[in-house]
Every structure is written in structure tokens, then in C-alpha cells.
Amino acid sequence: MTNTQASWDILFVHADIATMAQGNYNIIKDGAIGVAKGKIQWIGPFDRLKIDRFHSSPHPIADEIIDCSGKWILPGFVDCHTHLIWAGSRSNEFEMRLSGASYKEIAKQGGGIAATVGAVRRASEDELFSIASRRISHFISRGTTCVEIKSGYGLNLENELKMLAVAERLNQNFPLHVSPTFLGAHALPPEYKGRADDYVDLIINTMLPKVKSQGIACAMDVFCESIAFSTNQTRRLFTAATDIGLPVKLHAEQLSDSGGAALAAQFNALSCDHLEYLSPDGAKAMAHTGVTAVLLPGAFYMLKETRKPPVEDFIRLGVPMALATDLNPGTSPVHDMATVMNMGCVLFGLTCEQALAGATINGAKALGLDRRKGSLETGKDADFVVWDIEAPADLSYQVGITPVNKVVIAGKIAYNV
Ligand code: NIG
Ligand code: FE
């Protein structure tokens, strides 16, 4: 190190910080964050920084110092459940539902997921990349620094791999971290009508080995539901994924109670998602093996559901609750985590602190990334947002405004107002 070399690449000072360590605000008033090599090197009150660093080091403290003038720094959002890659629009189905048709009826008539599968199969990889890029840019500008993206609109080898290739390109071309999930078992493709077990065989024998050998997915997901795959089929799929070392997660108990969550818990699933119809035993099973509950109030809202996930059971049993957009063209065309936090509070009864934990540290938990992401602690990735707000609760409280000042990903300013 030469005499002129700074300790840190960038230093943020005079911000109020909610670290979200252990899922609580853990507020640091008038705080500072020192970043080098993409990681948080120092975090604490500005007064202590002065004592620790300003006077003791012969080197400049940082290459760049940003005065946040009393704004808030919170961890970047970790959106742990999205179907962000798709082509086409399903606003026609929204109109059908407004006139009384149900999601299940539309799916049975060949709409729903099958409609998007057609559009995705017809789209080239470049087209999908270009459409998804716009969504990713929007996510970053709204404070999301890590996003999970599922396949599941290809439903054959070629098109599932195409979707995962797009997810990988997004990861390479944008600063935010993309965690890709293989969701070949999202719905039965039309060419397998009446032959669900054969399609499960195709996933197990052909798709999963390719996904694994190409290293293009961090987990496997299944839609376990009367209109999708049964618990027996889910068990076969989970066994195959677990055998090759791919972690599992589940769309469980969204429209009915099929016992999927308890099954997922047996396989140490990273998360169970939706969970409106979860039974008390299912919640206990999740608590037992430490499965994160991912709540998706955007889908609940758009489908005008009335049955809520058992939030009080989760709190009593200590099941971590994450919140995610579930961004998809059918049930949740919701692109904004702050809106999801508002829905989590108003529709599911979360506190603003629980909503923020759900959108940050518990989202990271649902992806198995909580050692690196989701809270602001020394050694963790420097992924955070400078917000122009009076209090962290403002994010859940205000609707339709994005008071972002700066989005920082891996220590670099990825978006600046
Ligand atoms: O998470 N539940 C299954 N998948 C999506 C819906 C996808 C779609 O309708 O295109 C969901 O709600
Ligand atoms: Fe989903």
C-alpha cells in the first residue's frame, strides 16, 4: 500500500441506518458505512468513525466520500420469488377475471400459464433478454439489488434452458445479483395433456441433469396444486433434485391445501411460497426444519383472495417470513417491493418492521444467501439503498412513490437520482 492509497473505495456518512441484522431495524443514528472490494468494511456511528479512523490513519480514508445529509440507508431489497422473464401480456385474462371468471377456470381453458408458454416458446433468446432487461432496470431503480428469477414458461428442454440462459445474461449484464431457479414443473405443457407422470419423467431424466451439468440454476421449484403437480409427483421431483445436490423450494398451498409444505419441509426446502391454505401442521413442519415462508400479497390482491396465510402461526412458531413480488403476467404484475411491503402490512397484518425484514434479510434467507446479503453488517455485500425518507416505515406507508436517492450494489452506485 502506498502512502496515497485510501483505506476504502467509498464512504457514506451522515445517514441514519437500519441494519436489519437479526431482522430488526437496529438503527444507527448519524451513521457511516465504509466499503472496499464490494463489501462493507466498517459500519457504525459517525462519531466513532472519527475516533477510529479520521485521526489515526496516515492515508485518505476513502477515494470518494458521500454525505447523505440525514437520509436513510437500508439494505437493498432481495426479491426472492419472481417469474420475471416472459413475453406477451395477459391483461385480457385480468379483464376476464373482472367479469367473473376464476384463475382456475382460465387455466383449464388453456389460458393462464399455458398462454405465456406459447409466447415464450415463440420468442427468441434475444427478444426475451431485451424485454426482461427493461424489467430489471426498473427493479434496480426501485431499490432491488438481488432478484430470484424462475424458468417455467418454456416447459420443454430447449425453452427451459433458453429462459435460464436469459437469467444468466441478465446476471452478467446488470449489477444486481440474479439467483436463477429451475421451474420446469410449473404447469403441464399442452403436448403432455393427460400424461403428467410422463412429463415428470422428462423433467427428472432429461431436464434436471442438463440444468445441473450446465450449472445454470441455484434451486428447483415445483407448483404443487390441483391445477399443476400432485404431492406424489412433487416428491419424485424433490428426490431427483436432492440426489444431484440441487436445493428445493415449493409453490405450496396457494389455492388449496394439498400438504405440499409439510412435504417440502421433509426435503429441507429453502422456502415454501404463497401458503394461503397452509394447515397448522404444515406450519409446524416448516418451523421444525427451518423453512422460510415467502408471502406473495401481490397475487393474493390480484386474485381477490380472502384467505390469508397464517401469519400469526409463523410468528408464534418462529418461521421467518419473506415478502416478494411474484412478478408474473398472470397473477402478480407487480414490479415494486415497496408496494409489496404495503400490501404485506395492509392485507396480511405485518408490522412495517416485519415487512422490511421480509423484503431484505428474510428474502436473502429464502435464497440461502443470508450470510452475504439482506442486512448491513461488516463483511457482507455492500448492497444498499439511500432513501429520501423520514423513517423506515415510510416505505411501507407511502404508495406509488419511489423515494430512492441512490442504489448501491457491490459497493458501486448502480442508480443515482
Ligand atoms: O406464482 N402459482 C404459479 N405461478 C405463478 C402464476 C404464473 C402465471 O399465472 O403465469 C404464481 O402465482
Ligand atoms: Fe410464483
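Values in this document were obtained by computation on a predicted structure and should not be read as measured data.

> Help me understand the site of ligand 1, please; the structure alone is not making it clear to me.
Residues in contact with ligand 1 amount to 15 residues; listed here are only the nearest, Arg90, Tyr103, Tyr153, His186 and Thr331. Asp326 has a polar side-chain atom sitting 2.9 Å from an oxygen atom of ligand 1. If ligand 1 stood free it would expose 320 Å²; the protein chains cover 100% of that surface. Among the detected pockets, ligand 1 sits in the largest cavity. For the shell around ligand 1, the class distribution of residues is four nonpolar, nine polar and two charged.

> Could you clarify how one ought to interpret the sheet that holds strand β10 (residues 248–252) in this entry?
Two strands in a sheet stick together by hydrogen bonds in their backbones, pointing the same way (parallel) or opposite ways (antiparallel). Taken in spatial order, the eight strands make up an open sheet running β6-β7-β8-β9-β10-β11-β12-β13, and their pairing is parallel. Where the open sheet ends on each side, the last strands, each with one partner, are β6 (77–79) and β13 (321–323). Across the sheet, the mean angle from the axis of one strand to that of its neighbour is 25°, orientation sign disregarded. Here β10 pairs with strand β11 (residues 271–274) via three bridges, running parallel. Across the sheet, residue His251 finds its bridge partner in β11, namely Asp273. In the packing of helix α6 (residues 157–173) onto the sheet, contacts are made with β7 (144–150) and β8 (177–185), and the angle to β8 comes to roughly 175°.

> Which parts of the structure should I look at to understand the coordination of the iron ion (ligand 2)?
Around a metal, the perfect tetrahedron of four donors has angles of 109.5 degrees, and the perfect octahedron of six donors has angles of 90 or 180 degrees. For the iron ion (ligand 2), the full set of protein donor atoms is His81 (NE2), His83 (NE2), His251 (NE2) and Asp326 (OD), at a range of 2.1 to 2.5 Å. Read from N- to C-terminus, the donor residues coordinating the iron ion (ligand 2) fall into the pattern H-x1-H-x167-H-x74-D. Of this pair, His83 sits in the loop between β6 and α2 (91–98) while His251 sits in strand β10, placing them 168 residues apart in sequence. For the pair His83 and His251, one class covers both residues: buried.

> What should I look at first to understand the layout of surface pockets in this one?
Any empty space left between atoms is shown by rolling a water-sized probe over those atoms. Put simply, the largest pocket is a space of about 470 Å³. Around the largest pocket, the lining comprises 19 residues; the ones closest to its centre are Ala107, Lys108, Ala114, Leu188 and Ile227. Where the lining of the largest pocket is concerned, the elements lending two or more residues are α3 (103–108) and α4 (113–122).

> Can you walk me through unusual backbone geometry in this structure?
Most of the time, phi is negative for any residue but glycine, and the peptide bond is trans. Positioned with a positive phi, Lys304 is a non-glycine residue whose angle comes to about 50°. Its place among the elements puts Lys304 in the loop between α11 (297–302) and α12 (311–317). Of the residues examined, Lys304 reaches a relative accessible area of 61% and is grouped as exposed. Its identity as a non-glycine residue notwithstanding, Ala410 has a phi of 50°, on the positive side. Assignment of secondary structure puts Ala410 in the loop between β15 (404–409) and β16 (412–416). Among the residues examined, Ala410 registers a relative accessible area of 40% and is labelled partly exposed.

> When you look at α4 in this model, what are you seeing that I'm missing?
A turn of α-helix holds 3.6 residues, and therefore any two residues three or four places apart point the same way. Of the positions making up α4, those classed as buried are Ile113, Thr116, Val117, Gly118, Ala119 and Val120. Packing partners of the buried residues in α4 comprise α3, α5 (125–141), α6 and β9 (219–224).

> Any chance you could explain the packing of aromatic side chains here in plain terms?
Any aromatic ring pair is given by two values, namely how distant the centres are and how the planes are angled relative to each other. Considering all chains together, one arrives at six aromatic pairs under this definition. Seen in terms of ring centroids, Phe12 and Phe384 are 5.1 Å apart; in terms of plane orientation they differ by 85°. Their pairing is edge-to-face. With Phe12 in strand β1 (residues 8–18) and Phe384 in strand β14 (residues 384–387), this pair connects stretches of sequence that are 372 residues apart. For the pair Phe12 and Phe384, a shared accessibility class is recorded, and that class is buried. Arranged with centres 4.9 Å apart and planes meeting at 80°, the rings of Phe300 and Phe348 form a pair that is edge-to-face. Of this pair, Phe300 sits in helix α11 while Phe348 sits in helix α13 (residues 337–348); the two residues are 48 residues apart in sequence, bridging distant segments of the chain. When sorted by exposure, Phe300 lands in the same class as Phe348, which is buried. Here the guanidinium or amino end of Arg135 rests over the ring plane of Trp86, the centre of that ring lying 3.4 Å away. Lying over the aromatic face of Tyr192, Arg195 brings its terminal NZ or CZ to 4.5 Å of the ring centre.

About the cut-offs
Residues numbered from 1 in each chain as written. Chains lettered and ligands numbered in written order. Predicted model: local features only at pLDDT ≥ 70, side-chain atom pairs only at ≥ 80, totals over all residues. Heavy atoms only, no water. Near = heavy atom within 4 Å. Polar contact = N/O pair within 3.5 Å; in protein donor to acceptor, adjacent residues only side chain to side chain. Areas by Shrake-Rupley, 256 points an atom, 1.4 Å probe, with all protein chains shown as cover. 1 Å grid on protein atoms, 1.4 Å probe; cavity = no way out; pocket = protein on both sides within 12 Å on 5 of 7 lines; lining within 4 Å. Sits in = over half its atoms within 2 Å of the grid points. Nonpolar A, V, L, I, M, F, W, Y, C, P; charged D, E, K, R; others polar. Pairing = 2+ DSSP bridges. Helix = DSSP H or I, 4+ residues; strand = E, 2+ residues; numbered from the N terminus. Axes fitted to C-alpha atoms, helices over the stretch in contact; angles between N-to-C directions. Contact = heavy atoms within 4.5 Å. Donors = N, O, S within 2.8 Å, 3.2 Å for Na, K, Ca; no water. Buried < 20%, exposed > 50% of the residue type's maximum accessible area, 1.4 Å probe, protein only. Points joined across faces, edges and corners; volume = space filled by probe spheres on them. Phe/Tyr/Trp six-rings, centres within 6.5 Å; stacked < 30°, edge-to-face > 60°. Lys NZ or Arg CZ within 6 Å of the ring centre and 35° of its normal.

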